[in-house]
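Residue-level listing of the chains:
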Amino acid sequence: MDTELKSMNTDPSKTEPVSRDDGPNSKDDRPLLKSDSNRNSSTTGESIEDLEKKFAAYVRNDVYGPMGRGELPIVEKVLLGIAVVTLVPIRFVLALIILVMYYIICRLCTLFSAPNRDEEEDQEDFAHMGGWRRAVIVWCGRFLSRMLLFVLGFYWISVSYRDIDLPDQNKSSSQNEGKDQSEEPERLGAIISNHISYLDILYHMSASFPSFVAKRSVAKLPLVGLISKCLGCVYVQRESKSSDFKGVSGIVTERVKEAHENSSAPMMMLFPEGTTTNGDFLLPFKTGAFLATAPVRPVILRYPYQRFSLAWDSISGALHVFYLFCQFINHMEAIWLPVYYPSQEEKDDPKLYASNVRRLMAREGNLTMSDIGLAEKRIYHAALNGNISLPSVLHQKDD
């Protein structure tokens, strides 16, 4: 599920402003990849090596090669053969059982319950349902998501919580001085994460069961459609550039504000990059998650690997799932950073807020900041597929 909205006034040619100090070690000397100023020109004649340098954030570096279609060594072919007759059928059956089981739970819990509807924006969800039904949906969703990850080879997930200095975070605490000590600190508005794979969603479902942004077609999928409504997904129509873009952006802002102000409201989980990378880079952030000016919780995900990269970058979905099922063990790391409370300056400028959170995540996750985006990703994919005529690719709507 693609899960973030495009900033309304994003200009990647401008240098990102930063006004707050990230501490004595705030200097960031990692290279910043620049998008080609002539990116609208044809890539005819450029070698794959040249394209990989230009679009490094989407390049696969595992043994399976570009698009997962590289020539495999004999040992890898043998391991795949063993996995096909042992792991793949077992994992497929168990994963299907878990999916159907959770669908049945969601169906039973939503019987005789009317969904929360927004007819104008064509939105529908069960995330605002309260009582024992909501508790069962959330608890079972978290447990079964973790079980599904276990079935897929994530037997152990490394989770760490970093305590780092956030200068402006003290401002929020000082604002609460003099108030009743029983009052809770300022609530989160959203969880922010880098985006590497669809597996990110399973992890966040198991960790906090938040709401996501998804394509509207997801709501109509068998099994998954009802589950997405129980998650409280905000649906967007990416295929056409219509007036609902601002409407969805407004819905996301309202949902973030609601989570910030109401403890019973579902938490929003947003991927501000707007697309997936190979896990070594951090793309520019869209401002949709920051328009509400509420505090956010940054999370950095990693997928260490030796043979197959779990990044869903230039590889097809079907091939990625197949290779995922064939891996005997998969690894995942999650780094939770402290809640980021925006300064007044950041509240007044969501682009500054997004930029500073991005720089913090890049520094703490040792990620390279890149200013390329979905348009460059489409160019790279088209080139890998042998398409040297790219005007139609360049004019597709961004996330």
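Conventions and cut-offs
- Residues numbered from 1 in each chain as written.
- Predicted model: local features only at pLDDT ≥ 70, side-chain atom pairs only at ≥ 80, totals over all residues.
- Heavy atoms only, no water.
- Helix = DSSP H or I, 4+ residues; strand = E, 2+ residues; numbered from the N terminus.
- Buried < 20%, exposed > 50% of the residue type's maximum accessible area, 1.4 Å probe, protein only.
- Contact = heavy atoms within 4.5 Å.
- Phe/Tyr/Trp six-rings, centres within 6.5 Å; stacked < 30°, edge-to-face > 60°.
- Salt bridge = Lys/Arg side-chain N within 4 Å of Asp/Glu carboxyl O.
- Expected span 1.5 Å × (residues − 1).
- Core = buried A, V, L, I, M, F, W, Y, C linked by side-chain atoms within 4.5 Å.
- Axes fitted to C-alpha atoms, helices over the stretch in contact; angles between N-to-C directions.
- Parallel < 35°, antiparallel > 145°, perpendicular 65-115°, else oblique.
- Nonpolar A, V, L, I, M, F, W, Y, C, P; charged D, E, K, R; others polar.

A.B. asks: Teacher, can you tell me more about the overall build of the chain here?
C.D. replies: Secondary structure assignment for the chain yields 13 helices and 11 strands. Across the 399 residues in the chain, those meeting the buried criterion constitute 52%.

A.B. asks: What exactly am I supposed to notice about the environment of Phe-285 here?
C.D. replies: Tracing the backbone through its elements, the reader meets Phe-285 in the loop between β8 (281-282) and β9 (296-302). In the structure, Phe-285 is positioned 72 residues away from Val-357 in sequence and 8.9 Å away in space, judged by C-alpha atoms. Contact partners of Phe-285, with chain neighbours within four places excluded, come to Ile-192, Pro-272, Glu-273, Phe-290, Ala-354, Val-357, Arg-358 and Met-361.

A.B. asks: I tried to follow the packing of aromatic side chains on my own but got confused; where do I start?
C.D. replies: The geometry of two aromatic rings is summed up by the distance between their centres and the angle between their planes. For the coordinates displayed, the defined rule picks out 14 aromatic pairs. Members of the aromatic cluster, connected to one another through ring pairs, are Tyr-64, Phe-308, Phe-322 and Tyr-323.

A.B. asks: Hey, could you run me through the pattern of salt bridges in this one?
C.D. replies: Pairing of side chains with opposite charge becomes possible as their charged atoms draw close. If you walk through the whole model with that rule in mind, you get seven salt bridges. Among the ionic pairs, Asp-313 bridges to Arg-60, the shortest N-O distance being 2.9 Å. Of this pair, Asp-313 sits in the loop between β9 and α9 (317-326) while Arg-60 sits in the loop between α1 (48-54) and α2 (74-85), and the two are 253 residues apart along the sequence. Take Asp-313 and Arg-60: they sit in the same class, and that class is buried. Taken together, the shared-partner salt bridges in this structure form one network comprising Arg-60, Asp-62 and Asp-313.

A.B. asks: Is there a simple way to explain helix α3 (residues 87-109) in this structure?
C.D. replies: Think of an α-helix as turning once every 3.6 residues; residues three or four places apart then point the same way. The end-to-end C-alpha distance of α3, which contains 23 residues, comes to 33 Å, matching closely the 33 Å that a straight helix rising 1.5 Å per residue would cover. Residues of α3 that are buried include every one of Leu-87, Val-88, Arg-91, Ala-95, Ile-98, Tyr-102, Ile-105, Cys-106 and Cys-109, and no others. Tucked into the core, α3 has its buried residues touching α2, α4 (131-151), α7 (224-231) and α9.

A.B. asks: Explanation requested: α7 in the structure shown.
C.D. replies: Burial analysis of α7 places seven of its eight residues in the buried class, which makes it a mostly covered element. All of the buried residues along α7 are Gly-225, Leu-226, Ile-227, Ser-228, Lys-229, Cys-230 and Leu-231. After α7 finishes, the residue Gly-232 shows a positive phi value of roughly 85°.

A.B. asks: Would you mind showing me how to read unusual backbone geometry here?
C.D. replies: Among all residues save glycine, negative phi is the norm, and among peptide bonds the norm is trans. Of note in this structure, Thr-293 is not a glycine but carries a positive phi near 60°. Relative to the helices and strands, Thr-293 resides in the loop between β8 and β9. We note that Asn-366 has phi near 55°; this positive angle belongs to a residue other than glycine.

A.B. asks: Would you take a moment to explain the nonpolar core for this structure?
C.D. replies: Here is a general trend for soluble globular proteins: nonpolar side chains tend to be buried in one another's company. In terms of nonpolar packing, the biggest core is built from 62 residues, with Tyr-102, Phe-154 and Leu-199 touching the most fellow members. For this core, the secondary-structure elements that each account for two or more residues are α2, α3, α4, α6 (199-207), α7, β9, α9 and β10 (332-336). Discounting residues that sit within four places of it in the chain, Tyr-102 has contacts with Ile-137, Cys-140, Gly-141, Leu-144, Phe-209 and Ile-227. Core analysis: the next-biggest nonpolar cluster, separate from the first, contains 30 residues, Ala-292, Val-296, Ile-300 and Met-361 among them.

A.B. asks: How should I be thinking about the packing of α2 against α3 in this particular structure?
C.D. replies: Two measures define how a pair of helices packs: the angle their axes make with one another and the distance between the axes. Taken N-terminus to C-terminus, the directions of α2 and α3 make an angle of 45°; their axes are 3 Å apart at the nearest point. As summarised for this structure, α2 and α3 are arranged oblique, according to the angle between their axes. Along its contact with α2, which presents Ile-82, Ala-83, Val-84 and Val-85, the element α3 presents Leu-87, Val-88 and Pro-89. Along the lines of polarity and charge, the residues of the contact of α2 with α3 split into seven nonpolar, no polar and no charged.

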